[in-house]
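Structural overview for review
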Amino acid sequence: MTITLALSKGRIFDETLPLLAAAGIEVLEDPEKSRKLILPTNRPDVQVVLVRATDVPTYVEYGGADLGVTGKDTLIEHGGGGLYQPLDLNIARCRVSVAVRHDFDYAHAVRQGARLKAATKYTSIARDFFAAKGVHVDLIKLYGSMELAPLTGLADTIVDLVSTGNTLKANRLVEVERIMDISARLVVNQAALKLKREPIRRIIDAFASAIPKD
Ligand code: PRP
């Protein structure tokens, strides 16, 4: 019985390694060097598949992977339906924020009843946030480089992930509101949880014991 874990390259992969180590699992290839999409581990019954961050919930939902690690942001946009979400792993922490050009009058732009153009990859989060304020928002869906949108006149604001704030600073954008804190979650396929109960439980318990403290 093979256990398949879906991860995305970068912070999620790197910060999941210590949790895997706690479960006695060591990934045998470096995704930054290898072109392989299925990475073997020291355990013959465990493999890691590398997918796009936004695809992790989809892989786990439909059983392409038994477990996955995904950001809360990605999970909200996916909807989370059909996924068992046993753990907040407290890794890959950042926040979703609203940012504007340094010379944009945001306070004026978000008064109730106003209309605003927002560019984002996170359309559900942005829609809910501005709806709660009573601001009409025209959402422009982007897939990356959100910071360009206010600089080119494509949008008034962006809703994007902020970690160190360096990307905003480098593009002379200002963070004007924090919408929510983000961290990565462990997600599990519901059928796999029943069919592969013991090995999956062991991984969940090991991850739980190794969650970094604040
Ligand atoms: C994210 C986000 C920002 C950047 C913020 O991009 O979209 O561009 O990180 O980080 P900072 O505050 O530390 O500068 P990511 O690198 O995840 O790639 P993406 O553009 O594909 O989202």
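Scroll up to find the structure.
Rules behind the numbers
Residues numbered from 1 in each chain as written. Predicted model: local features only at pLDDT ≥ 70, side-chain atom pairs only at ≥ 80, totals over all residues. Heavy atoms only, no water. 1 Å grid on protein atoms, 1.4 Å probe; cavity = no way out; pocket = protein on both sides within 12 Å on 5 of 7 lines; lining within 4 Å. Points joined across faces, edges and corners; volume = space filled by probe spheres on them. Helix = DSSP H or I, 4+ residues; strand = E, 2+ residues; numbered from the N terminus. Phe/Tyr/Trp six-rings, centres within 6.5 Å; stacked < 30°, edge-to-face > 60°. Buried < 20%, exposed > 50% of the residue type's maximum accessible area, 1.4 Å probe, protein only. Near = heavy atom within 4 Å. Polar contact = N/O pair within 3.5 Å; in protein donor to acceptor, adjacent residues only side chain to side chain. Areas by Shrake-Rupley, 256 points an atom, 1.4 Å probe, with all protein chains shown as cover. Nonpolar A, V, L, I, M, F, W, Y, C, P; charged D, E, K, R; others polar. Pairing = 2+ DSSP bridges. Axes fitted to C-alpha atoms, helices over the stretch in contact; angles between N-to-C directions. Salt bridge = Lys/Arg side-chain N within 4 Å of Asp/Glu carboxyl O. Expected span 1.5 Å × (residues − 1). Arc of directions from axis to C-beta. Contact = heavy atoms within 4.5 Å.

With that settled, the discussion passes to empty space enclosed by the protein. In this approach a probe as big as a water molecule rolls over the atoms, and the regions it shows empty are the leftover space. For the coordinates displayed, the defined rule picks out 1 cavity of 30 Å³ or more. One number sums up the size of the largest cavity: a volume of about 30 Å³. If you go around the largest cavity, the residues you meet are I3, L5, L20, I25, V46, L67, I203 and F207. If you list the elements that add at least two residues to the lining of the largest cavity, you get β1 (3-7) and α9 (197-209).

Applying the stated criterion across every chain yields a total of 1 aromatic pair. Measuring from centroid to centroid gives 5.3 Å for F129 and F130, while their planes differ by 75 degrees, and the two rings are edge-to-face. No difference in accessibility class separates F129 from F130, as the two residues are buried.

A separate point is the site of the ligand. Residues in contact with the ligand, as listed here, are K121, E147, D160, L161, V162, S163, T164, G165, N166 and T167. The contact in question runs from an oxygen atom of the ligand to an N or O atom on the side chain of K121, over 3.0 Å. A distance of 2.7 Å is found between an oxygen atom of the ligand and a side-chain nitrogen or oxygen belonging to E147. Look at the ligand: alone it shows 500 Å² of surface, and the protein chains cover 61% of it. Elements with a contribution of two residues or more to the shell around the ligand: β9 (157-162) and α7 (166-170). No other element matches the 3 residues that β9 contributes to the shell around the ligand. Here the residues of the shell around the ligand are counted per class, giving 2 nonpolar, 5 polar and 3 charged.

Pairing within the open sheet is mixed, and its 5 strands lie in the order β8-β7-β9-β6-β10. Two strands in the sheet have a free side with no partner beyond their single neighbour: β8 (136-141) and β10 (173-182). Averaged over all neighbouring strand pairs, the angle between strand axes comes to 30 degrees, with direction disregarded. Sheet topology note: the strand β6 (residues 94-101)/β10 ladder contains 8 bridges and is antiparallel.

Residue placement: P18 occurs in helix α1 (residues 11-22). Judged by its relative accessible area of 51%, P18 is exposed.

A separate point is the pattern of salt bridges. What the rule picks out here adds up to 11 salt bridges. Residue E29 is joined to K36 by a salt bridge in which the shortest nitrogen-to-oxygen separation is 2.7 Å. A relative accessible area of 42% means that K36 is categorised as partly exposed. R43 serves as the salt-bridge partner of D45, at 3.2 Å between the closest nitrogen and oxygen.

Between its first and last C-alpha, α9 extends 18 Å over 13 residues, near the 18 Å set by a 1.5 Å rise per residue. Those residues of α9 that sit buried are P199, I200, I203, I204, A206 and F207. In an axial view of α9, the angular spread of the buried residues amounts to 165 degrees, which keeps them on one side of the axis. Opposite the buried face of α9, at more than 90 degrees from it, the exposed residues are R202 and S209. Tucked inside the fold, the buried residues of α9 contact β1, α1, β4 (67-71), β5 (83-88), β11 (184-189) and α8 (190-195).

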